[in-house]
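Chain residues, written in single-letter form:
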Amino acid sequence: MMILKKANPDLKGLLLTATPWNNKREDVINIGTLFLDIDAIPNDRNYKQYLLLAGKTNKAVRGIAGDDVAFNQLWADLFLQRTRKTYDGKNVKFPNRKFPTVDIRYEPRKDQIFSDNFDTIVDLSFPYMDPIKYVIDSKREDVGGKKLKLMLLKRADSSWVAYKKSLGSIIDRLIC
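Now for a description of the structure that goes with this document. These figures come from a predicted structure and were not determined experimentally. (Residues numbered from 1 in each chain as written. Predicted model: local features only at pLDDT ≥ 70, side-chain atom pairs only at ≥ 80, totals over all residues. Heavy atoms only, no water.)

Remarks on the overall build of the protein chain
Right, on to step 1. In terms of helices and strands, the protein chain carries nine helices and two strands.
Right, on to step 2. Seen in sequence order, the protein chain has helices and strands lined up from the N terminus as α-α-α-α-α-β-β-α-α-α-α.
Right, on to step 3. Out of the 176 residues in the protein chain, the part that is buried amounts to 20%.
Right, on to step 4. Here the contacts in the protein chain between residues at least 6 apart in sequence split such that 39% fall between residues at least 24 apart. (Helix = DSSP H or I, 4+ residues; strand = E, 2+ residues; numbered from the N terminus. Buried < 20%, exposed > 50% of the residue type's maximum accessible area, 1.4 Å probe, protein only. Contact = heavy atoms within 4.5 Å.)

In structure tokens:
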């Protein structure tokens, strides 16, 4: 960050986001223009004309979004994109990480409680997640149910209090 600040002393802000590229162009433009100084944009950039004429308004955003050249220039000027295989459009190799695993030995009673809890969660079904599935008697489990089971397992692993609250919330929704 210090290198970036030294290279750009007039930098007023830096926005880091995990916003994926699958957002609408208008969303990306609105994020990008938050800290943009219109006067600092080089005159050869097509998107500058939209901003000079309409300011940072929806009219300018829609204009830039509809102009491929202007949008691509804005993207290149404001965003540094990193994916799993590229950094700023260049192929890179990221190191493989090997995280150590820790085998935690519980007393047999606790180990049995965790094992029983896991088995119980795996056998749950959540009909309110996809009611059509139960009408057509499908055995296929929906993604929402799998995610809820994973969330319950994580809650049980990290905090029994949070786990108990989550179960209470599910029960309340099923009863109501």
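A few points about the packing of aromatic side chains
Right, on to step 1. Counted by the stated rule, this structure contains three aromatic pairs.
Right, on to step 2. Each ring, one from Trp160 and one from Tyr163, has its centre 5.4 Å from the other, and the planes form 85 degrees; the classification is edge-to-face. Residue Trp160 and its partner Tyr163 are both found in helix α9 (residues 160-175); the two are separated by three residues, about one turn of the helix.
Right, on to step 3. Grouped by ring-pair contacts, the aromatic residues Phe114, Trp160 and Tyr163 constitute a single cluster. (Phe/Tyr/Trp six-rings, centres within 6.5 Å; stacked < 30°, edge-to-face > 60°.)

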